[in-house]
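# Coordinate analysis (summary)
Letter by letter, the chains look like this.
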Amino acid sequence: GDRLARAMVGTISGTTISFGSAAYLEESSYGTRGISLTFDPISNKVLAFYHPLDSSKARVKVGTVSGTSISFGSFTQFPFTGGARDIASVYDPDSNKTVVLYRRDSAARAIIATVSGTSVSFGTEYQITASDIGEFPAVTYDTYSNKVVYFYRSGSTGTAIVGTVDGTSISFGTPVIFETGGGTGYYSAAFDPSENKVVVAYHYYGDTVGRVVAGTVD
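This report concerns the structure included in the present document. Everything quoted here is computed from the prediction, not taken from an experiment. (Residues numbered from 1 in each chain as written. Predicted model: local features only at pLDDT ≥ 70, side-chain atom pairs only at ≥ 80, totals over all residues. Heavy atoms only, no water.)

Right, let's get into the sheet that holds strand β20 (residues 184-192). With respect to topology, 3 strands assemble into an open sheet ordered β20-β21-β22, the strand pairing being antiparallel. In this open sheet, the two edge strands, each paired with only one partner strand, are β20 and β22 (210-215). Across the sheet, the mean angle separating the axes of adjacent strands is 20° when strand polarity is ignored. Where β20 lies against strand β21 (residues 197-204), 7 bridges are found, and the strand directions are antiparallel. (Pairing = 2+ DSSP bridges. Helix = DSSP H or I, 4+ residues; strand = E, 2+ residues; numbered from the N terminus. Axes fitted to C-alpha atoms, helices over the stretch in contact; angles between N-to-C directions.)

Shown next as structure tokens:
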């Protein structure tokens, strides 16, 4: 088929899920990479971050869900020139902001997005470290510590770092390694509120099964 990016609304009933009709997120025939969706419960909107391959800038669109369908407004470009690859995003309920993590110019970076109606504004871009590339990103929000926890690959090493949002800016602590050997990839992260732990699942190269590890924010 074509390379046009689409979105669908799913409805859960018991142990099954059904989907409505597809809506175009981006109609670039060159393809779209790095798609990440986050729900903002204050505005009741979906934020879709992505980078069309025929553009020099990444974009965000605001989506509105109605029944089993979703519609998107016009796009807003990220406030910099250059590709934004490996995008991940998470909503911070403590600050009512969305944190966007991505890779640009071979460095892991972060920026705060604020939605108002159907428009999005950005804060100042933050480079997390000088050497970490930020491949295979996954992010979750720890509601016990009110922190963002960002997982990414640095070289072949699985790395985690804690972020603190302050208004439209974000600061990070010291990176911590959660997997050292063999190379990792394809991360997925979640927060367990019953145990107050963050959990990351990932592929470990050379294994035939995935791995998972839990961490505590301190």
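Further notes follow.
Right, let's get into the nonpolar core. The biggest cluster of nonpolar side chains holds 17 residues, and the ones touching the most others in it are Val99, Leu101, Ile128, Val148, Tyr150, Ile170 and Phe172. Those residues in contact with leucine 101 that sit more than four places away from it in its chain are Asp86, Ile87, Ala88, Arg109, Ala110, Ile128, Val139, Tyr150 and Phe172. Grouped together as the second largest cluster of nonpolar side chains are 16 residues, Phe49, Ala84, Tyr102 and Ala113 included. (Core = buried A, V, L, I, M, F, W, Y, C linked by side-chain atoms within 4.5 Å. Buried < 20%, exposed > 50% of the residue type's maximum accessible area, 1.4 Å probe, protein only. Contact = heavy atoms within 4.5 Å.)

Next up on the list: the side chain of serine 36. Positionally, serine 36 belongs in strand β5 (residues 32-40). Side chain to side chain, serine 36 and serine 89 meet in a polar contact 2.7 Å long. Excluding its chain neighbours within four sequence positions, the residues that come into contact with serine 36 are Leu47, Ala48, Phe49, Ile87, Ala88 and Ser89. (Polar contact = N/O pair within 3.5 Å; in protein donor to acceptor, adjacent residues only side chain to side chain.)

Counted as a void, the largest pocket has a volume near 280 Å³. Taken together, 19 residues form the lining of the largest pocket, with Ala160, Val176, Val198, Gly215 and Thr216 sitting closest to its centre. Taken together, the residues of the lining of the largest pocket sort by class into 14 nonpolar, 4 polar and 1 charged. (1 Å grid on protein atoms, 1.4 Å probe; cavity = no way out; pocket = protein on both sides within 12 Å on 5 of 7 lines; lining within 4 Å. Points joined across faces, edges and corners; volume = space filled by probe spheres on them. Nonpolar A, V, L, I, M, F, W, Y, C, P; charged D, E, K, R; others polar.)

Moving on: the environment of aspartate 92. Examined against the element boundaries, aspartate 92 turns out to sit in strand β10 (residues 85-92). By relative accessible area, aspartate 92 is classed as buried at 2%. When sequence neighbours within four positions are dropped, the list of residues in contact with aspartate 92 reads Lys97, Tyr141 and Val165.

The element strand β17 (residues 157-166) is largely enclosed, with a buried count of 7 among its 10 residues. Strand direction decides the pairing type here: strand β16 (residues 147-154) and β17, joined by 7 bridges, are antiparallel. Bridge pairing in β17 links valine 149 to valine 162. Connecting the antiparallel pair β16 and β17 is a turn made up of 2 residues, with glycine 155 showing a positive phi of about 70°. In the sheet, β17 pairs with strand β18 (residues 169-172) via 4 bridges, with the strands oriented antiparallel. Bridge assignment links threonine 164 to a residue of β18, and that residue is serine 171. Between β17 and β18, which follow one another and run antiparallel, lie 2 residues, and glycine 167 among them has a positive phi close to 65°.

Shape is all these values report; function is a separate question.
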